[in-house]
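Architecture and fold: a report
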Amino acid sequence: MMRILHCADLHLTARDEREYSLSVLDEILGVAADRETDALVFAGDLFDSFADAEALRAQFRERISRLAAACGILFVPGNHEERGIRPGRFAGLDFGPIDLCDEKPFQLIRRGDVEFLCIPHQPDYSAFEQWQVPEKQAKFRIAVAHASVPGLAGYTGMSEEEEVKAGAMDRDIFTFFKADYAALGHIHKKSAGTAGSCALHYPGSARVWRRGEIGERGVNLVSIDESVQVQFLPLRRAGQYRYYDVPLSLDGNVDGLEELTGRWHPADTIEIRLFGLVEDEKDVAVIQEAFLGCRRSGKVREIVIDTSGVVPVPGIASTSIARQFLARWNDSKPSDDDSAGMRRWLKAREMGLKAIQPYVGR
Amino acid sequence: MLKKLILNQYGKFGAGTEFAFGPVTVFSGENEAGKTTLFDALGEALCEGNIDRSTMLRLNSRYGKERRAALEQDGAALAFDSVVYQNIFAVRSSSLALENPDVSDWAERIKSALFSEGINPLRIRADLEDRASTDGKKSHNKALKKLRGEAEELKKRLSELEAERAAILSGRRQTRELAGEIAGKERVLATLEKQRAEMAAIISREELIMKRRSLDDVLEFLHNGETLLAQAQELAPYRENELPYYDTLRKKSDELNQRIAQLRLQAENCRERAEKLAAGLRELEAAIPAMKMAAECAERIKDRIAAFQNTEAFVQKTVWKKELITAGILALCAGSTAAFFLGGLPARAAAAACGVAACLALVLTAKRTRMVRDEQAEKRCIDEICDNWKNSVRDGADIRRETLEGMRELMMMKAVEYGDAQANAARMSQEAADMRGRMEQVRLDLMQAESEASAHESGMRQWLADHGAASRDAYQEKALRSRQIAAALADWNKKLDALLKQHECKDTAHLKRECERALNELDAQGIPKSGMPATELALLKKRHEDVLNQSRALNDAVTGLKLTLKGTQGYLEGRNIAGQICAIEREIAKTAAEIEQNELEREAAAEAARIFGEIAADAGRVFEDLAREFARAYGEILPQARAMEIRGLGKADMKVADAGGEKRSLDLLSSGTRDSFLFAARLCLARRSSEGTSVLVLDEPFLTFDEDRQRKAVAMLKKFHDDTGWQIVVLTKDERLVDALKSSFPPRLLVHHRLSYMRCAM
């Protein structure tokens, strides 16, 4: 049986998140060692940019050197590695004993019963039939690619222009090349699909690279025996991106603050959107400070507070209609299981108060 | 707090007219002093940017568009909605009711200014319901529909792209098939080309062999030419036109020989004839004596017979011929019978004539005269003659005849025979003599002919000898041969010319050299002298041609297919459909998220609206409060408390008890009572409308009030000011009211502007 660890979009960076990104790399290498994988595949965007690849290659070499003895490492560049790339420089970089598969349009690498059809990022794949890829020789073929695949590309609502820039690949390509598993990168949201008998998998970004990347970060453990089995392994050190819409009471308090922060992990990235009408602007600063304290104390890796939804309205706390509204609103709280109802309920609070706002203080 | 009102080109007030304000400001003056203008200007300044359309139209028409009214204020600036302002903050005695019929939603606006802290839950509910609604005309009403429209458009575009993708996939399949087809055809083409090349090599070699053969042929042809030339030269003397001379000789010779043969035959015939004649003559001459004797004897016998016949030995008798008689009778009978049966006179007459004629003929012909001899005497005479013959002539011939007549004829014959024999002998003798002469002539002719023939023979021999031929046939053969050779040579020359032209050689020697050189080259290439049979080569060439044609057709087909393929590939390569689909999918997801957010906000707005609806449902209590407040305030003006009923803020919604205690609608109250109610109500409304300090503008508020009510109203105003701290602005022509105000409010609080016609005119 052959085990392959499929990792994508780690975005190692030499800038602000250097330690964080390298710590996730360490965890990935640790998982590969623990699980005794035969191959570790980086399906693009291993580095955040070409400059990062240049800056971090020494650290990368050092880190992978031990694992590389037991496990083949394949690195197929994505669109990010090409950012700021200088002509002819990629192959000149030494990433250590790995297979750098940056030859376009493809590179075919054989490892035992498995051959890897490595397709580095390209703006257009539509001429794939002219690539003259050799017929499948090994028992299994794994396509490693960094591209959007229609039907699998999710929408995060963030930086969409970034996604548009990347090349898109029709799923027909995988059936055409008779792949059994497509180790995909580029889409940061975990997703899976099929193309004929080929399983298509995006494990999602291996770490939180930007806001909006909700959910567990991790890698896919692909076990190849008689068939292909895929298991998602979450990465603890990658943490999670968590987003909360938090209503402020009229006097600027947050209900259940302890309960909220209690769920967080030190590697998490938290984004909180505070909203509501408050009596005094100073109250907002106080609660904001309370949240930011969580980062300083190491309770979370990063926390972002959005207070644009908070409107200080002097006198609101004593406005009877606001009080009446909140009292009645509180009574209409749905059950915790009803997440849609909960969202609607929270939004109703925001909208009700917003509706009062123009009339207060006139 | 209002500090200063600055007017520019506002009605009567020219540029830079300023009016200062105190906590209580009184503007007094006679009619047309500018109080109403000031009231309007202050209202416009307070409601700047928030003036309802009808008011704005009125102000424009009344004061022109050049007018300007600005306020200087202290602290939080006051700003009003014109409708709210006019109904709550600005009190005019001429207003018959609270409502403003020019503004449709005045009641809503007033309510929102009145309830709770001046916030109307129904208004908020309406706002939220509008926010939740998709029916309105505002952009947020249309947003969801627009988003859904966009989503539909995107889905349509996606399905078009999917269709295009399917077409491309199918196009790819076709392209693959096309490529496969091309590869297959190219394989066949390669095989064909290989076959064709092999054939071409063989054909080329065979053609070299053929060339070699043709060169050999040319050389042989040249050699043949030489032979022909030699033969022609050799046979040149042998000409067929020489032969007629020889043939003339020959003909003459033949004729002579023929004549010689004839002459020889004649000579032979003559000799034979002469011999026959001699023999006949001898025989005749030998017979003649006997014949002479027989003739002489016959003469005597004839005489004896004549003598005998002259005797009476013969009797003449007439006899009937019986046969003829019988025949005559039978004919008669037959004729008679016929005549009888045929009838008729002429016939019977004819029959009778016939009968008579027959009888006559019978008689005439049936009678014959016959000599009847004496046979015995005749016999004895005959015997005597025969004996005489025997004795006289010893030829032994039997001369006996039956009758003497016969004997006489025989005897006459013997005389004739003898005469004939004599004549014959003479003739024969003559003939023999002629024959001898003739024989001599023939001999002479023969000799001459033989001499001539001999001369011709020798002439012919001499000709043959002269022409070097053993015989005429030999000569003729050679002459024929010569002619044939000459013809062949002419033919050869013609061919030679063609060959020279073909090989571009000037003469045979040149041609020969060229051929030999070419042959040497072919030898050097090892081209054998013989190859496959021509038919086989022709077949091979035919096959080569076929293969070539096939190959060309296939090549054309492949070229066509490649063009198609190129077109298809070009189309496929130019279409990054996956990228477009991804982009559209993102757009769809984005729109879906926006729709979801929009729906969430609408649902949330509806939920919030519901809550505000609940709050508003408690409006009755608010109105009760308001009514109580009105009553209390009203009571302060009136001599006694009045009952009242308030269901709403419309004129018809309010009823007030008159002095008699009967509840009446506002229209039915006395103007003083109504105005005092409205003043009290406005103070209440004003008091409820805002928690902060504001301004109350009163334009002739107490015009219809009696002195007592005016006093009470001023006191009420004073209390309102003390309670709320609101600024109060009063405009009036009533100096009593000015005095009353001056006595009620301390001078430090009151600013009095006396307006005059003169001032305004400045």
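The coordinates are above.
My aim in this report is to walk through the structure given alongside it, one point at a time.

Conventions we followed
- Residues numbered from 1 in each chain as written.
- Chains lettered and ligands numbered in written order.
- Predicted model: local features only at pLDDT ≥ 70, side-chain atom pairs only at ≥ 80, totals over all residues.
- Heavy atoms only, no water.
- Helix = DSSP H or I, 4+ residues; strand = E, 2+ residues; numbered from the N terminus.
- Buried < 20%, exposed > 50% of the residue type's maximum accessible area, 1.4 Å probe, protein only.
- Contact = heavy atoms within 4.5 Å.
- Areas by Shrake-Rupley, 256 points an atom, 1.4 Å probe, with all protein chains shown as cover.
- Buried area = accessible area lost by both parts, 1.4 Å probe.
- Salt bridge = Lys/Arg side-chain N within 4 Å of Asp/Glu carboxyl O.
- Polar contact = N/O pair within 3.5 Å; in protein donor to acceptor, adjacent residues only side chain to side chain.
- Pairing = 2+ DSSP bridges.
- Expected span 1.5 Å × (residues − 1).
- Arc of directions from axis to C-beta.
- Axes fitted to C-alpha atoms, helices over the stretch in contact; angles between N-to-C directions.
- Phe/Tyr/Trp six-rings, centres within 6.5 Å; stacked < 30°, edge-to-face > 60°.
- Lys NZ or Arg CZ within 6 Å of the ring centre and 35° of its normal.

Focus on the overall build of chain B
Along chain B, the regular secondary structure elements total 20 helices and 13 strands. Per-residue burial for chain B yields a buried fraction of 40% across its 762 residues. Pairs at least 24 apart in sequence give 77% of the contacts found in chain B among residues at least 6 apart. If you sum the accessible surface of chain B, you get close to 42200 Å²; carbon and sulfur atoms cover 53% of it.

Topic: the interface of chain A and chain B
Accessible area lost upon the coming together of the parts serves often as the stated size of an interface. Each side of the interface is counted separately: chain A has 44 residues, and chain B has 44 residues. Approximately 3800 Å² of surface area, both sides summed, lies buried where chain A meets chain B, with 60% of it carried by carbon and sulfur atoms. Counting across the chain A and chain B interface gives 5 salt bridges. Two residues, aspartate 170 of chain A and arginine 165 of chain B, come together in a salt bridge whose shortest N-O distance is 2.4 Å. Applying the counting rule to chain A against chain B returns 5 residue pairs in polar contact (both at pLDDT 80 or more). Counting only elements with at least two residues in the side of chain A that touches chain B, the list comes to helix H3 (160–165), helix H4 (172–176), helix H7 (320–331) and helix H8 (339–356) of chain A.

Some points on the pairing of strand S10 (residues 198–202) of chain A
Residue and element names in this part refer to chain A. Counting buried positions along S10 gives 5 out of 5 residues, so the element sits mostly inside the fold. Side chains Cys198, Leu200 and Tyr202 project from S10 onto one buried face, and the interleaved Ala199 and His201 project onto a second face that is buried too. When strand S8 (residues 181–185) meets S10, the two strands line up parallel, connected through 3 bridges. When the sheet's bridge partners are listed, alanine 182 is paired in S10 with leucine 200. Pairing between strand S9 (residues 191–195) and S10: 5 bridges, direction antiparallel. For serine 191, the partnering residue across the bridge sits in S10 and is tyrosine 202. A loop of 2 residues connects S9 with S10, the two strands running antiparallel in sequence, and glycine 196 in this loop sits at a positive phi of about 65°.

Brief notes about helix H5 (residues 121–132) of chain B
Residue and element names in this part refer to chain B. Counted at 1.5 Å a residue, the expected span for H5 with its 12 residues is 16 Å, and the 16 Å between its end C-alpha atoms agrees. Among the residues making up H5, those that are buried are Pro121, Ile124, Leu128, Arg131 and Ala132. Relative to the axis of H5, the buried residues are bounded by an arc of 95° and lie together on one face.

Here we look at the pattern of salt bridges
Taken as a whole, this structure holds 72 salt bridges over all chains when the rule is applied. A salt bridge links glutamate 289 of chain A to arginine 296 of chain A; the shortest N-O distance between them is 2.5 Å. A relative accessible area of 57% places arginine 296 of chain A in the exposed class. Here arginine 610 of chain B and glutamate 614 of chain B are joined by a salt bridge, their closest N and O atoms 2.5 Å apart. A residue pair is termed a helical-turn pair when its members lie 3 or 4 positions apart in one helix, as arginine 610 of chain B and glutamate 614 of chain B do in helix H15 (residues 577–616) at 4 residues. It is possible to trace a salt-bridge network through shared partners that takes in Asp245, Arg273, Lys347, Glu350 and Lys354 of chain A together with Arg131 and Glu601 of chain B.

Thoughts on the sheet that holds strand S11 (residues 695–699) of chain B
All names here are of chain B. One open sheet holds the 5 strands; their spatial order is S5-S11-S12-S3-S13, and the pairing between them is parallel. The open sheet has two free edges, formed respectively by strand S5 (90–92) and strand S13 (750–754), since each of these has just one partner strand. Here the average twist between neighbouring strands, direction ignored, is 15°. Inspection of the sheet shows strand S3 (residues 24–28) paired to strand S12 (residues 727–732) by 5 bridges, in the parallel sense. Along S12, the bridge assignment pairs phenylalanine 27 with leucine 731. Strands in contact with helix H1 (residues 35–46) are S3, S5, S11 and S12; relative to S12, the strand with the most contacts, it is inclined by about 150°.

A few points about the packing of aromatic side chains
For any two aromatic rings, the description comes down to two numbers: the centre-to-centre distance and the angle of the planes. Taken as a whole and assessed by the stated rule, the structure comprises 25 aromatic pairs over all chains. Plain terms: the ring middles of phenylalanine 128 of chain A and phenylalanine 177 of chain A are 5.9 Å apart, the flat faces sit at 75° to each other, and that makes the pair edge-to-face. In this pair, phenylalanine 128 of chain A is assigned in the loop between strand S6 (114–119) and strand S7 (140–146) and phenylalanine 177 of chain A in the loop between H4 and S8, connecting sequence segments 49 residues apart. Neither residue differs from the other here; phenylalanine 128 of chain A and phenylalanine 177 of chain A are each classed as buried. Note on tyrosine 246 of chain B and tryptophan 463 of chain B: the rings are 4.7 Å apart at their centroids and 45° apart in plane angle, and the pair reads as tilted. One end of the pair, tyrosine 246 of chain B, is in helix H7 (residues 243–309); the other, tryptophan 463 of chain B, is in helix H11 (residues 404–466), with 217 residues separating them in the sequence. Exposure remark for tyrosine 246 of chain B: the relative accessible area of 3% places this residue in the buried category. Chaining the aromatic ring pairs together yields one cluster made of Phe42, Phe47, Phe60, Phe75 and Phe95 of chain A. Note that arginine 301 of chain A overlies the ring of tyrosine 20 of chain A, its terminal NZ or CZ placed 3.5 Å from the centroid. The ring of tryptophan 329 of chain A has arginine 349 of chain A lying over it, and the distance from NZ or CZ to the ring centre is 5.2 Å.

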